[in-house]
Amino acid sequence: MAIALKTNCFLQQQKRFGKHFLLRSSNKLSTVSIKASTPMASLATHAQTVGLSETFTALRQQNKLALIPYITAGDPDLNTTSEALKVLDSCGSDIIELGIPYSDPLADGPVIQAAATRALARGTKFDAIISMLRKVIPELSCPIALFSYYNPILRRGLENFMSTVRDAGVHGLVVPDVPLEETELLRKEALKNNIELVLLTTPTTPTERMKAIVEASEGFVYLVSSVGVTGARASVSVQVQTLLKEIKEATSKPVAVGFGISKPEHVQQVAGWGADGVIVGSAMVRLLGEAKSPEEGLKKLEEYTKSLKAALR
């Protein structure tokens, strides 16, 4: 039988989770013919996708950190978003955050705000994003976590939103503008639909409140590295080292650091401080949104992702 394999960063056969194997390579299509001497019910060309918690457990067993890139859905268009997800996956991303564009993204800096504005101006709708995810997620080996503000979730209804993203194959959810006290219903619906709701803690979060947040967070704890909005920064605050220590004294859950991580040296620095993962957003979004063409953006995204992954080795 003949199997079409997607190629991207490199051709690499690698055992991921359980007994599944992943063939990774570039965004050209290659054809591999396999002769089977015994009947086979099915043959997967990627690993069975697992959730956020399981991903971190597997990485910890290998003494590895998670690379978690973020991109905005629909910027520059959903076809490019679909291809970008494949590029990020094939370059070794462990979890991918996909932002749902929103007109009032309070936690986001100018780069991601501009991406959301462009996506909305081009008519990107939630249903179209879900349709794209239904098609592309079966081709990915890493889990997808949606990054959405609360208002779009409420507009669709909690039950409807959660069941819709579950059916699309989404494993995680980050909602940055919901305070802990208002997450009870959100957490209940997420749990019912096997969606891991990731909560955020910041440098200004009081210790007792931080402990309550990490206790309630699922998948991992999202540590915001600096006060303010998202965006690439020249350096990572040394306060992150202290914050990581305090969080790890309060929980055994994995902790990923985001906001302001943009360079391989940032990744190495945060890794050295004891983080379990790094989240890189604005730098990724800029590459796709400001490229002269989707093809150029995807190529730059591939090169950049490879440089970050290399820093984690």
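Draft legend 1. How the structure looks around empty space enclosed by the protein. Evaluated as defined, the whole model comprises two cavities of 30 Å³ or more. Each pocket or cavity is described by its volume, and for the second largest cavity that value is around 60 Å³. In terms of lining, the second largest cavity is formed by Tyr70, Thr72, Gly99, Ile100, Pro101, Tyr102, Pro105, Asp108, Ile112, Ala116, Phe147 and Tyr149. Secondary-structure elements contributing two or more residues to the lining of the second largest cavity are strand 3 (66-72) and helix 3 (110-121). Its residues placed into classes, the lining of the second largest cavity shows nine nonpolar, two polar and one charged.

Draft legend 2. Summary view of the sheet that holds strand 8 (residues 200-201). Spatial ordering of the open sheet is given by 7-6-5-4-3-11-10-9-8, a layout of nine strands whose pairing is parallel. Strands at the two margins of the open sheet, each flanked by one partner only, are strand 7 (196-198) and strand 8. Here two bridges tie strand 8 to strand 9 (residues 221-224), and the two strands are oriented parallel to one another. Counted as the bridge partner of Leu200 is Tyr222 from strand 9. Its contacts with the sheet put helix 11 (residues 282-289) on strand 3 and strand 11 (277-280), and the angle it makes with strand 3 is roughly 45°.

Draft legend 3. Region of the structure containing the nonpolar core. Counting 70 residues, the largest nonpolar core has Leu85, Leu98, Leu133, Leu146, Leu173 and Leu186 as its most contacted members. Looking at this core, the element that brings in the most residues is helix 4 (residues 126-136), giving six residues. Residues Ala107, Ala115, Val224 and Ala256 belong to the second largest nonpolar core, which totals 25 residues.

Draft legend 4. The arrangement of the environment of Thr207 in detail. If you trace the backbone, Thr207 turns up in helix 8 (residues 207-216). Thr207 sits in the partly exposed class, given a relative accessible area of 41%.

Draft legend 5. Spotlight on the pattern of salt bridges. Under the criterion given, the structure shown has 16 salt bridges. Residue Arg209 pairs with Glu181 through a salt bridge whose shortest N-O separation is 2.5 Å. Residue Arg209 is located in helix 8, and its partner Glu181 is located in the loop between strand 6 (172-174) and helix 7 (184-192); the two are separated by 28 residues in the primary sequence. With relative accessibility at 56%, the residue Glu181 sits in the exposed group. Glu189 serves as the salt-bridge partner of Lys192, at 3.1 Å between the closest nitrogen and oxygen.

The rules behind each value
Residues numbered from 1 in each chain as written. Predicted model: local features only at pLDDT ≥ 70, side-chain atom pairs only at ≥ 80, totals over all residues. Heavy atoms only, no water. 1 Å grid on protein atoms, 1.4 Å probe; cavity = no way out; pocket = protein on both sides within 12 Å on 5 of 7 lines; lining within 4 Å. Points joined across faces, edges and corners; volume = space filled by probe spheres on them. Helix = DSSP H or I, 4+ residues; strand = E, 2+ residues; numbered from the N terminus. Nonpolar A, V, L, I, M, F, W, Y, C, P; charged D, E, K, R; others polar. Pairing = 2+ DSSP bridges. Contact = heavy atoms within 4.5 Å. Axes fitted to C-alpha atoms, helices over the stretch in contact; angles between N-to-C directions. Core = buried A, V, L, I, M, F, W, Y, C linked by side-chain atoms within 4.5 Å. Buried < 20%, exposed > 50% of the residue type's maximum accessible area, 1.4 Å probe, protein only. Salt bridge = Lys/Arg side-chain N within 4 Å of Asp/Glu carboxyl O.

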